[in-house]
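# Remarks on the overall topology
Here's the letter readout for the chains.
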Amino acid sequence: MTLISDLPWDLVEEILSRTSITSLRAIGSTCKRWNTLCKDESFRKKHCGKATKEFLMNMTCDYNYEYESDLVSPTRFNLQNIKDLPSSLKKIGNNNMLCPVQILSVYSCDGLLLLVTADNLGLDQLVVWNPYLGQTRWIETKILQYDRYAIGQYAIGYDNKKNHKVLKVFSWSDIKPQIYDLNSNSWRVLGITCECYSSLEKGRGASLKGNTYFVAENEEKIFCFDFTTERFGPCLHLPFDFDGTDVTLSCVREEQLAVFAHSCETGTYKMEIWITTKIDPNAVSWSKFFKVEVEIDGYYNLFLYQFEVQSFFIDKEKKIAVVSGIDDCDILGYDKSIVVGKDGYFEKTNLGYVFSYVPSWVQIQ
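First things first, this report covers the structure right here in the doc. (Residues numbered from 1 in each chain as written. Predicted model: local features only at pLDDT ≥ 70, side-chain atom pairs only at ≥ 80, totals over all residues. Heavy atoms only, no water.)

## Quick look at the overall build of the protein chain
Helix and strand counts for the protein chain stand at five helices and 26 strands. Of all intrachain contacts in the protein chain linking residues separated by at least 6 positions in sequence, the fraction that spans at least 24 positions is 49%. Of the roughly 17,600 Å² of accessible surface on the protein chain, 48% is carried by carbon and sulfur atoms. (Helix = DSSP H or I, 4+ residues; strand = E, 2+ residues; numbered from the N terminus. Contact = heavy atoms within 4.5 Å. Areas by Shrake-Rupley, 256 points an atom, 1.4 Å probe, with all protein chains shown as cover.)

Structure (structure tokens):
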């Protein structure tokens, strides 16, 4: 019987390049030469070129009584046939992390997840996590004393030298934004202002090619934070009318920005999704992905009246979107998700919080 160790090295490398990142972690621990290969930059570039570029990630938190921590389980799904929902969402990989405090928000960029938690005093605690490499890194926030209770949101991105950074922006304009550099392990206050303020109550920004885009306070525009210049860009227009419309941002394969707009009036839930054809911190152009209207005609979809969208994931080829949000009338505060299609398809799911995720080899330790 031929063993893998008997094969030519170039064939072994080709086989390993087609192996999932999670499997490579286990493989590297069994053989010193394989472990060296897995750490080689040229091999990683080859591996990433053959790996799946994007998938839907569903994150749930369950309390683990053995470790007295939340067990965070990201799950990858394969959207095969959205019209046959039970079989179309297949769990094909997971990786768990024990988190000692409750997770409040999740931000993603370049295969990294920024988890925002709170300590016993209700103060922000941050951890950066690469779930595919199983690496975590806690970020110290105690130096930010005068504003620790100030309301704000975060973003994670990187500059043109691939230095990863964390941004914190505040809902109060008299508090300057602050930035954390993972290389220097330090926070800095940015002496900058922004002509548009982030709509903090309307979900998170979306990171694209290292930069983060936010929804402006009036929800008629978006704006960008450039992690290279560490400056905000000008306000950029959105492509639709705004009468009673709520706006949420996402990204497509970390190549395009997408915007989900929805409104609910006279018994009809209206949704539009647009995708950028060109975008940079100073300019944007859009193309409509699809528009769907759902009649609210019973208990099954009554929650749409109070559905606050938090995130969404789109599949361009299948012309569908999975939308995650919170029912403001649900006293338990559980996340809900809906699946919508270009042809008017609509389905409730129990997925909970979902978002787009692209795995990477980015090291954070």
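## Details of the packing of aromatic side chains
Per the counting criterion, the structure on display carries seven aromatic pairs. With a centroid separation of 5.3 Å and an interplanar angle of 55°, the aromatic rings of Tyr180 and Trp187 are classed as tilted. Both residues of the pair, Tyr180 and Trp187, belong to the buried class. Residues Phe225 and Phe232 carry aromatic rings whose centres are separated by 5.2 Å and whose planes lie at 65° to one another, so their mutual orientation is edge-to-face. Each member of the pair, Phe225 together with Phe232, is buried. An aromatic cluster of three or more residues is present, and its members are Phe214, Phe223, Phe225, Phe227 and Phe232. Against the face of Tyr158 rests Lys162, its NZ or CZ located 4.0 Å from the ring centre. (Phe/Tyr/Trp six-rings, centres within 6.5 Å; stacked < 30°, edge-to-face > 60°. Buried < 20%, exposed > 50% of the residue type's maximum accessible area, 1.4 Å probe, protein only. Lys NZ or Arg CZ within 6 Å of the ring centre and 35° of its normal.)

## Quick look at the sheet that holds strand E20 (residues 268–280)
Taken together, four strands build an open sheet; the order of strands is E18-E19-E20-E21 and the sheet is antiparallel. The sheet is open, and its two borders are formed by strand E18 (246–252) and strand E21 (283–295), each paired with just one other strand. The average angle at which neighbouring strand axes cross in this sheet is 20°, direction not considered. Direction of pairing for strand E19 (residues 256–265) relative to E20: antiparallel, over a ladder of eight bridges. Across the sheet, the residue bridging to Ala261 is Glu272, located in E20. (Pairing = 2+ DSSP bridges. Axes fitted to C-alpha atoms, helices over the stretch in contact; angles between N-to-C directions.)

## A word on the sheet that holds strand E11 (residues 178–181)
Across the sheet, which stays open at both edges, the four strands sit in the order E9-E10-E11-E12 with antiparallel pairing between neighbours. With partners counted over all chains shown, the strands left at the sheet margins are strand E9 (152–158) and strand E12 (186–189), one partner each. Averaged over all neighbouring strand pairs, the angle between strand axes comes to 20°, with direction disregarded. Relative to E11, strand E10 (residues 164–170) runs antiparallel, the two being bridged by four bridges.

## A few points about the nonpolar core
Ranked by internal contacts, the top residues of the largest apolar core, which has 23 residues, are Tyr269, Leu304, Ile314 and Ile338. Only E19, E20, E21, strand E22 (307–315), strand E23 (320–327) and strand E24 (335–341) provide two or more residues apiece to this core. Counting residues in hydrophobic clusters, the runner-up holds 18 residues, among them Tyr213, Val215, Ala261 and Trp286. (Core = buried A, V, L, I, M, F, W, Y, C linked by side-chain atoms within 4.5 Å.)

## A word on the pairing of strand E7 (residues 124–130)
For E7, the tally of buried residues reaches six of seven residues, placing the bulk of the element in the interior. Of the pairings in the sheet, the one linking strand E6 (residues 112–118) to E7 comprises six bridges and is antiparallel in character. Each residue of the ladder has a partner; that of Leu113, found in E7, is Trp129. Where E7 lies against strand E8 (residues 135–139), five bridges are found, and the strand directions are antiparallel. When the sheet's bridge partners are listed, Val127 is paired in E8 with Trp138. Between E7 and E8, which pair antiparallel in sequence order, lie four residues; one of them, Gly134, sits at a positive phi of approximately 70°.

## Regarding the pattern of salt bridges
What the rule picks out here adds up to six salt bridges. Here Lys162 ties to Asp110 by a salt bridge, and the two come within 3.1 Å at their closest N and O atoms. Pair noted here: Lys162 is in the loop between E9 and E10 and Asp110 is in the loop between strand E5 (103–109) and E6, with a separation of 52 residues, a long-range link. In this structure Lys162 comes out as partly exposed when scored by relative accessible area, which is 44%. Residue Asp110 is classed as buried on the basis of its relative accessible area of 9%. Where Arg188 meets Glu230, a salt bridge forms, and the shortest distance between an N and an O atom there is 2.7 Å. Of this pair, Arg188 sits in strand E12 while Glu230 sits in the loop between strand E15 (221–226) and strand E16 (231–232); the two residues are 42 residues apart in sequence, bridging distant segments of the chain. The class of Arg188 is partly exposed, set by a relative accessible area of 36%. For Glu230, a relative accessible area of 10% gives the class buried. Linked by salt bridges that have partners in common, Asp159, Lys165, Arg188 and Glu230 make up one network. (Salt bridge = Lys/Arg side-chain N within 4 Å of Asp/Glu carboxyl O.)

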